[in-house]
Amino acid sequence: MPSCEAAVERLTIQCADLSASAEVALFRNANRTAEYHIMVRLHDSADAGSLMDAYQRALSAVGLPESSAVFRRVFCSDVVNQSETLDSLFAAAPCAFSKIGQPPLPAAKFALWAYHLHFPDPATLAVANGPTLSFQRGPLTHHWSAGLTDHSDPRSRHQTQHVLEHQDTWLHSQHMHMADHVVRTWWFVQNIDADYQGLVDARRDHFEKNGLTSDTHYIASTGIAGAHPDVAARVSLDSYAIGGLQPSQLEFLNATDHLCPTSLYGVTFERATAVSYSDRRHIFISGTASIDTRGQIVHPGDVLSQLARTLENIEALLAKAGANLGDLASIIVYLRDPADGHRIEAALREKMGPVPYVMVHAPVCRPGWLIEIEGIAIVPANLPHLPEF
């Protein structure tokens, strides 16, 4: 499948004076669009100013302006009290901006995932429209949206239903449909042990009305504990949609020799989705845990063994798209118990090497899952009949 020499490049920027470090993954191919995933992690009690300074050092190291940002997510230890400060720090270069109450691990006030693009020509259109940043490349328009909520009703099921209805209205205004154009979602649930089922039920009902079933396909997704700055929001949504997407660009990935389809235990998301372009392929790995072919938890109570099985499952999904762990440009690691942070960090570095990551305290949808990991991989392709990225 991949037939070009380009691969993900990685750079680490140490910022000891800021009690911070930054990692950058870069993919560029044949002088076309270059894309950057930047992960900034703080240590000790470093504050939001240190986060911004470390981020700017990372941008300087790769020669990017702040204005090249498409999407940013800040992981916060106290999102309600920190939200206003973050808004002021990042106001100069607006983009789709997600602020999530998921305390970084090992214990810190903030961590950052930023996605930047550098285009080879000035023909690109980038527009911030409320919570959405859109950019146009040829026949395709990419839309990154952040922080979608609705709290007209206090129940998670009804909030999820309203968020999906609002998203549908917006998609239709852009001549898009959920089943054809939304390729990745992130659902954050304030109290996942109590409110996740409401999200699951509302999403399943909405999907069925929109032709998303186990016989067609779902959407790559993560559903995880996370708080929104608005304390009344029991659920919130970040999403990525592509206008003009051709059906032949999409592939829904399963590795049934390792983990079961999600519909087996009543949820509705794809394990992974690949989106192909003329020169590259993006692989979106949904939130993945230590699960087997029957939908059962593997290694109950053993977080290190669950990490190993989770990575095995991710490897199996990546292989279906001609990729491996070395092609990951970013990962997010979710831990149920923050006390596991240090040993998971050490094990992760041993197993994953320099892949940029953020690790946060965020319980998974099933209490027995102690760890969940999601990721984005990029591999080169030579598919000239498809649109370029």
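Check the entry above for the structure.
Here's a quick rundown of the structure. Worth saying up front: this structure is predicted, and the values here are computed from it rather than measured. (Residues numbered from 1 in each chain as written. Predicted model: local features only at pLDDT ≥ 70, side-chain atom pairs only at ≥ 80, totals over all residues. Heavy atoms only, no water.)

Before going further, it helps to examine the sheet that holds strand β8 (residues 132–137). In spatial order, the strands read β7-β8-β9-β12-β10-β11; together these six strands make up an open sheet with mixed pairing. Edge positions in the open sheet fall to β7 (125–129) and β11 (220–225), since each of these has one partner strand only. Going from strand to strand, the sheet's axes swing by 10° on average, the running direction of each strand aside. The sheet contact formed by β8 and strand β9 (residues 140–148) spans six bridges and is antiparallel. Its bridge partner lying in β9, T132 is registered against S145. Across the sheet, helix α3 (residues 156–173) touches β7, β8, β9, β10 (182–189) and β12 (235–243), and the angle it forms with β12 is around 25°. In the packing of helix α5 (residues 192–209) onto the sheet, contacts are made with β10, β11 and β12, and the angle to β10 comes to roughly 150°. (Pairing = 2+ DSSP bridges. Helix = DSSP H or I, 4+ residues; strand = E, 2+ residues; numbered from the N terminus. Axes fitted to C-alpha atoms, helices over the stretch in contact; angles between N-to-C directions. Contact = heavy atoms within 4.5 Å.)

What follows deals with α5. Taking 1.5 Å per residue, 18 residues should reach 26 Å; α5 reaches 25 Å between its end C-alpha atoms and fits that length. On its buried face, α5 sits against α3, α4 (178–181), β10, β11 and β12. The first or second residue beyond α5 is G211, which carries a positive phi of 75°. (Expected span 1.5 Å × (residues − 1).)

A word on the pattern of salt bridges. Applying the stated criterion across every chain yields a total of 19 salt bridges. When the shortest N-O distance is used, the salt bridge between D340 and R343 registers 3.2 Å. The class for D340 is buried, based on a relative accessible area of 10%. Salt bridges sharing common partners tie together R157, D201, R204 and D205. (Salt bridge = Lys/Arg side-chain N within 4 Å of Asp/Glu carboxyl O. Buried < 20%, exposed > 50% of the residue type's maximum accessible area, 1.4 Å probe, protein only.)

A few words now on the sheet that holds strand β2 (residues 20–27). Hydrogen bonds along the backbone pair up the strands of a sheet, which may run parallel or antiparallel. Within the open sheet, the six strands sit side by side as β1-β2-β3-β6-β4-β5. Their pairing is mixed. The sheet terminates laterally at β1 (9–15) and β5 (96–101), the two strands that pair on one side only. In this sheet, neighbouring strand axes are inclined to one another by 15° on average, regardless of whether the strands run parallel or antiparallel. Sheet topology note: the β2/strand β3 (residues 34–42) ladder contains eight bridges and is antiparallel. Residue E23 lies in a different strand from β3, and its bridge partner there is M39. Sheet contacts for helix α1 (residues 48–62): β1, β2, β3, β4 (69–76) and β6 (110–118); angle to β3, the most-contacted strand, approximately 150°. Across the sheet, helix α2 (residues 79–89) lies against β4, β5 and β6, angled at about 155° from β5, the strand it touches most.

Let us look at the pairing of strand β16 (residues 328–335). One face of the sheet, then the other: side chains in a regular strand alternate in exactly this way. In terms of residue burial, β16 counts as a mostly covered element, since eight of its eight residues are buried. Relative to strand β18 (residues 371–380), β16 is paired through seven bridges, and the arrangement is antiparallel. Bridging across to β18, I331 finds its partner in G375. With five bridges joining them, β16 and strand β17 (residues 357–361) adopt parallel strand pairing. Residue Y334 lies in a different strand from β17, and its bridge partner there is V360. What joins β16 to β17 is helix α7 (residues 341–352), and the crossover it makes is right-handed. (Right-handed = clockwise from strand over helix to strand, strands pointing away.)

Right, let's talk about the packing of aromatic side chains for a bit. We describe a pair of aromatic rings using the distance from one ring centre to the other and the angle between the two ring planes. The full count for this structure, using the stated rule, is 15 aromatic pairs. With a centroid separation of 6.3 Å and an interplanar angle of 15°, the aromatic rings of F71 and W186 are classed as stacked. Of this pair, F71 sits in strand β4 while W186 sits in strand β10, placing them 115 residues apart in sequence. The same class applies to F71 as to W186, namely buried. Summarising the aromatic geometry, the rings of F119 and F135 are spaced 5.5 Å apart at their centres and angled 50° between planes, so their arrangement reads as tilted. Placement of F119 in the loop between β6 and β7 and of F135 in strand β8 is noted, with a sequence separation of 16 residues between them. By the ring-pair criterion, three or more aromatic residues cluster together here, those being F71, W113, Y115, W144, W186, Y240 and F284. The aromatic ring of W186 is capped on one face by R73, whose charged end is 5.0 Å from the ring centroid. (Phe/Tyr/Trp six-rings, centres within 6.5 Å; stacked < 30°, edge-to-face > 60°. Lys NZ or Arg CZ within 6 Å of the ring centre and 35° of its normal.)

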